[in-house]
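Structural overview
So you can see what is in the structure, the chains are spelled out below.
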Amino acid sequence: MRSIAVANQKGGVGKTTTSVNLAVGLARAGRRVCLVDLDPQAHATLHAGVMPGSHPLSAYDVLVGGQPLAAATVAAGENLCVLPSHIDLSAVEMALAGRSGRELILRQRLEADARCNADAGHAEPFDYMVIDCPPSLGLLSLNAMAAVDEVLLPLQPHFLALHGLSKLLETIELVSEHVNPRLRLLGVVLCMYEAGTRLATEVGRDVQSFFAASAEKKHPAWGSAQVFETRVRRNIRLAEAPSFGQSIFDYAPDSYGAADYAALAAEVDQAAAVLRDGVRRAA
Ligand SMILES: Nc1ncnc2c1ncn2[C@@H]1O[C@H](COP(=O)(O)OP(=O)(O)OP(=O)(O)O)[C@@H](O)[C@H]1O
Ligand SMILES: [Mg+2]
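Here is a short report on the structure shown in this document. Everything numeric in this text was worked out from a predicted model, so none of it was measured. (Residues numbered from 1 in each chain as written. Chains lettered and ligands numbered in written order. Predicted model: local features only at pLDDT ≥ 70, side-chain atom pairs only at ≥ 80, totals over all residues. Heavy atoms only, no water.)

A word on the side chain of Ser 3
Along the chain, Ser 3 turns up in strand β1 (residues 2-6). Looking at Ser 3, the relative accessible area reads 5%, which means it is buried. Polar contacts involving the side chain of Ser 3 include one to the main-chain amide nitrogen of Asp 149, which spans 3.0 Å. If we ignore the near neighbours within four places in the chain, the residues touching Ser 3 are Met 129, Ala 147, Val 148, Asp 149 and Glu 150. (Helix = DSSP H or I, 4+ residues; strand = E, 2+ residues; numbered from the N terminus. Buried < 20%, exposed > 50% of the residue type's maximum accessible area, 1.4 Å probe, protein only. Polar contact = N/O pair within 3.5 Å; in protein donor to acceptor, adjacent residues only side chain to side chain. Contact = heavy atoms within 4.5 Å.)

Description of the packing of helix α6 (residues 105-119) against helix α7 (residues 139-147)
For any two helices packed against each other, the geometry is given by the interaxial angle and the distance between the axes. At a minimum axis distance of 7 Å, the contact between α6 and α7 shows a crossing angle of 40 degrees. One element, α6, and the other, α7, form an angle in the oblique class. The residues of α7 that touch α6, namely those facing Ile 105, Leu 106, Arg 107 and Leu 110, are Asn 143, Ala 144, Ala 146 and Ala 147. Looking at side-chain class alone, the contact of α6 with α7 contains six nonpolar, one polar and one charged residues. (Axes fitted to C-alpha atoms, helices over the stretch in contact; angles between N-to-C directions. Parallel < 35°, antiparallel > 145°, perpendicular 65-115°, else oblique. Nonpolar A, V, L, I, M, F, W, Y, C, P; charged D, E, K, R; others polar.)

Side note on a nonpolar patch on the surface
Taken together, the side chains of Phe 159, Leu 160 and Leu 199 present a nonpolar region at the surface, about 310 Å² in accessible area. Relative to the elements of secondary structure, Leu 199 occurs in helix α9 (residues 198-217). Residue Leu 199 is classed as partly exposed on the basis of its relative accessible area, which comes to 42%. (Patch = residues over 30% accessible without salt bridge, like charges linked within 9 Å, V, L, I, M, F, W, Y side chains within 5 Å. Areas by Shrake-Rupley, 256 points an atom, 1.4 Å probe, with all protein chains shown as cover. Salt bridge = Lys/Arg side-chain N within 4 Å of Asp/Glu carboxyl O.)

Some details on the environment of Arg 31
Positionally, Arg 31 belongs in the loop between α1 (15-28) and β2 (33-37). Counting along the chain gives 122 residues from Arg 31 to Leu 153, while the straight-line C-alpha distance between them is 21 Å. With residues near it in sequence (within four places) discarded, Arg 31 still touches Leu 26, Asn 79, Asp 127, Tyr 128 and Asp 269. Among the polar contacts made by the side chain of Arg 31, one reaches the side chain of Asp 269 at a distance of 2.6 Å.

Some remarks on empty space enclosed by the protein
Where empty space is left becomes clear once a probe the size of a water molecule has been rolled over the atoms. Overall, the coordinates contain one cavity of 30 Å³ or more when judged by the stated rule. Roughly 50 Å³ of internal volume is contained in the largest cavity. Lining the largest cavity are Asn 8, Gln 9, Lys 10, Leu 153, Leu 155, Ala 161, His 163, Gly 164, Leu 165 and Leu 168. Contributions of two or more residues to the lining of the largest cavity are made by β6 (150-155) and α8 (165-178). (1 Å grid on protein atoms, 1.4 Å probe; cavity = no way out; pocket = protein on both sides within 12 Å on 5 of 7 lines; lining within 4 Å. Points joined across faces, edges and corners; volume = space filled by probe spheres on them.)

With respect to the site of ligand 1
In the region of ligand 1, 18 residues are neighbours, and Gly 12, Lys 15, Thr 16, Thr 17 and Asn 235 sit closest. Between Thr 17 and ligand 1, the recorded distance is 2.5 Å, taken from a side-chain N or O atom to an oxygen atom. With the chains in place, 81% of the 630 Å² that ligand 1 exposes on its own is no longer accessible. In this structure, ligand 1 is accommodated by the second largest pocket. With three residues, the single largest contributor to the shell around ligand 1 is α1. When grouped by side-chain class, the residues that make up the shell around ligand 1 number six nonpolar, seven polar and five charged. (Near = heavy atom within 4 Å. Sits in = over half its atoms within 2 Å of the grid points.)

Overview of the layout of surface pockets
Taken as a whole, the largest pocket holds about 590 Å³ of empty space. Lining the largest pocket are 25 residues, with Met 1, Leu 110, Glu 111, Ala 114 and Glu 124 positioned closest to its centre. No other element matches the seven residues that α6 contributes to the lining of the largest pocket. Split into classes, the residues belonging to the lining of the largest pocket amount to 14 nonpolar, five polar and six charged.

A word on the pattern of salt bridges
Per the counting criterion, the structure on display carries 11 salt bridges. In this structure, the salt-bridge partner of Arg 107 is Glu 111, at a minimum N-O distance of 3.2 Å. Placement of the pair is Arg 107 and Glu 111 together in helix α6, with a separation of four residues, close to one helical turn. A relative accessible area of 21% places Arg 107 in the partly exposed class. Relative accessible area serves as the criterion here: at 36%, Glu 111 is assigned to the partly exposed category. For Glu 240, the salt bridge identified is with Arg 237, shortest N-O distance 2.8 Å. Here Glu 240 and its partner Arg 237 are both found in helix α10 (residues 236-240), three residues apart, which amounts to about one turn of the helix.

What follows is the structure, encoded as structure tokens:
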């Protein structure tokens, strides 16, 4: 299973829009996907068409109550399951205060679930796990980064776009050094991109050169990060879809937004294949 946390501590950059539409894009391509909503705002849950609180268990019960993932996930379409969030999740830091190893809870949960599946002779239930992170680098984002192999970073072309990036990279580095050596930054996706504007072109170029320079330094956690060729254009349909509880593919299948997220899903899927081959070659 490939596991991807969609993270950026900056608010409103397109994390949730990307998590949901990437998850559905992959599901439509035939991958079995689990979308995990780790944001107490529960926007990804709503966007995926699940009403927060309408199911007895949520991500809170997995993190705090020790429930297996399978007990709390909800089917939300073909090839797609959602681990819903709930406003309760905002109290997770307090509920887990004093518990040692509290940033490792999700990771240990996933490992225990995988062992149970293997012991029962069941195949892995998902090809992808996509985690929507909240706009902070607190305990929920740390749990996500400790549990996944890859981070996907949505950036909005903005003159301060790179501001704050060093903090996220530092966090990825710390998590990869101390708790999750598999963690790497998969790449950056430019969201709400306004093609043809000087700002978007300049920020796109700055981000490219920043990661090209990182690649030269061969940093283990983010030296191989790419800037995805797909730029998600600003598209009003993408902003409308969440209030209908629909992905862009259901809400406006002929929109730019649907085309961009289908292209991103294909690129991410391709990147995972390249990584797998790379790992195999290196092994
Ligand atoms: N490409 C786009 N075109 C137009 N609107 C967009 C696009 N991407 C996202 N939006 C809108 O911008 C707003 C912020 O997007 P989103 O909720 O995905 O960001 P976020 O990073 O998850 O925010 P938060 O940090 O609050 O969780 C939302 O209203 C969303 O519908
Ligand atoms: Mg969000």
